[in-house]
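Inside the fold
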Amino acid sequence: MTKWVLEKNRNEIIDHLEYSARDHKINGLADVLWSLIPPEMTLEAEKGQWDYIGYRWRYDGDIYTIRTLEQN
């Protein structure tokens, strides 16, 4: 099981999602992203990019990141 988190400015966890290897195989990584991105941020998040930390984008002056927190 992998725990994915949505962080604001690298210091505040807004949301999280636990995702198994089976979930990943069936739904893919895009499902993780779109499950954690708030609807009002969709247009800005589409401009985001992957880097060494995770998937990042800017919204209303803040930086949001979706990344794994831990793996079990």
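Residues numbered from 1 in each chain as written. Predicted model: local features only at pLDDT ≥ 70, side-chain atom pairs only at ≥ 80, totals over all residues. Heavy atoms only, no water.

Right, let's get into the nonpolar core. Considering soluble globular proteins, one finds that nonpolar side chains tend to be buried as a cluster. The biggest cluster of nonpolar side chains holds 13 residues, and the ones touching the most others in it are Trp4, Leu6, Val32, Leu36, Ile37, Trp57 and Ile66. With 3 residues, helix H2 (residues 29-36) is the largest single contributor of residues to this core. In this structure, leucine 6 is in contact with Glu12, Ile13, Ile14, Asp15, Leu36, Pro38, Trp57, Tyr64, Thr65 and Ile66, ignoring residues within four places of it in sequence. (Core = buried A, V, L, I, M, F, W, Y, C linked by side-chain atoms within 4.5 Å. Buried < 20%, exposed > 50% of the residue type's maximum accessible area, 1.4 Å probe, protein only. Helix = DSSP H or I, 4+ residues; strand = E, 2+ residues; numbered from the N terminus. Contact = heavy atoms within 4.5 Å.)

Here we take up the side chain of aspartate 62. Mapped onto the elements of the fold, aspartate 62 is located in strand S5 (residues 62-71). Beyond its immediate sequence surroundings of up to four residues, aspartate 62 is in contact with Lys8, Asn9 and Trp57.

Below, the discussion takes up the pairing of strand S2 (residues 12-19). The side chains of a regular strand alternate, first on one face of the sheet and then on the other. Pairing of strand S1 (residues 2-8) with S2, which is carried by 7 bridges, proceeds in the antiparallel orientation. What sits directly across from threonine 2, in S2, is tyrosine 19. (Pairing = 2+ DSSP bridges.)

Below, the discussion takes up the confidence of the model for the protein chain. Averaged over all residues, the pLDDT of the protein chain equals 91, while 96% of them reach at least 70. Averaged pLDDT values for the elements of the protein chain fall to 85 in helix H1 (residues 21-27) and rise to 97 in strand S4 (residues 55-59). (pLDDT = per-residue confidence, 0-100.)

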